[in-house]
Amino acid sequence: MDQKIPYDDYQLPVVFLPSYENPPAWIPTQERVQHPDYNNELTQFLPRTVVLKKPPGAQLGFNIRGGKASQLGIFISKVVPDSDAHRAGLQEGDQVLSVNEVDFQDIEHSRAVEILKTAREILMRVRFFPYNYQRQKERTVH
């Protein structure tokens, strides 16, 4: 019934994989949307635009870390609760893709800080990217 074919008799190259054990429990389709094991909500990882206006002398309400030296980009490392940045939706782990149309994906940390501190109105493109943020934290000290 369940005969094994000798390896030499296969026509194509063969890769034998270990058997799959412990499949997840089946959950009815209509219940999957709310179930944590079936959360396919990926929109949180899509790039989004954040607009901040900074009065003279005011703080931004967030800190950044990383830059060209880390080869992973600039990330939001802290957001001050109840700040404009917090209300605009910035969160720790957001990668800053651009600020006022300046590409932040391969920029020196000091240059990024200078751009953010001198701008009065900030138009940021960010995306939540916790995986690279964690890698970046392990590599750098800023």
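The structure under discussion appears in the preceding block.
Residues numbered from 1 in each chain as written. Predicted model: local features only at pLDDT ≥ 70, side-chain atom pairs only at ≥ 80, totals over all residues. Heavy atoms only, no water.

(A) Inspection of the overall build of the protein chain at higher detail. Looking only at helices and strands, the protein chain has four helices and six strands in total. The contacts of the protein chain with a sequence gap of at least 6 include a subset with a gap of at least 24, amounting to 64%. (Helix = DSSP H or I, 4+ residues; strand = E, 2+ residues; numbered from the N terminus. Contact = heavy atoms within 4.5 Å.)

(B) Spatial organisation of the packing of aromatic side chains. This model, assessed by the stated rule, comprises two aromatic pairs. Centroid distance F45 to F128: 5.9 Å. Interplanar angle 20°. Geometry classified as stacked. Residue F45 is found in the loop between α1 (29-32) and β1 (48-53), and its partner F128 is found in strand β6 (residues 121-128); the two are separated by 83 residues along the sequence. In this structure F128 comes out as buried when scored by relative accessible area, which is 16%. Here the aromatic rings of F75 and Y133 are separated by 5.7 Å at their centres, their planes lie at 45°, and the arrangement is tilted. Pair noted here: F75 is in strand β3 (residues 73-79) and Y133 is in helix α4 (residues 130-139), with a separation of 58 residues, a long-range link. The residues F75 and Y133 share a single accessibility class, namely buried. (Phe/Tyr/Trp six-rings, centres within 6.5 Å; stacked < 30°, edge-to-face > 60°. Buried < 20%, exposed > 50% of the residue type's maximum accessible area, 1.4 Å probe, protein only.)

(C) Just the layout of surface pockets, in detail. Put simply, the largest pocket is a space of about 280 Å³. Q59, L60, F62, N63 and K117 are the residues nearest the centre of the largest pocket, which is lined by 14 residues in total. Broken down by secondary-structure element, the contributors of at least two residues to the lining of the largest pocket are β2 (62-67) and α3 (109-118). Tallying contributions element by element places α3 first for the lining of the largest pocket, with four residues. For the lining of the largest pocket, a count of residues per class yields seven nonpolar, four polar and three charged. (1 Å grid on protein atoms, 1.4 Å probe; cavity = no way out; pocket = protein on both sides within 12 Å on 5 of 7 lines; lining within 4 Å. Points joined across faces, edges and corners; volume = space filled by probe spheres on them. Nonpolar A, V, L, I, M, F, W, Y, C, P; charged D, E, K, R; others polar.)

(D) Broad picture of the side chain of D94. Relative to the helices and strands, D94 resides in strand β4 (residues 94-99). A distance of 2.4 Å separates polar atoms of two side chains, one belonging to D94 and the other to R48. Among the polar contacts made by the side chain of D94, one reaches the main-chain amide nitrogen of Q91 at a distance of 3.0 Å. Discounting chain neighbours no more than four positions away, the residues touching D94 are R48, I74, F75, I76, G89, V126, R127 and F128. (Polar contact = N/O pair within 3.5 Å; in protein donor to acceptor, adjacent residues only side chain to side chain.)

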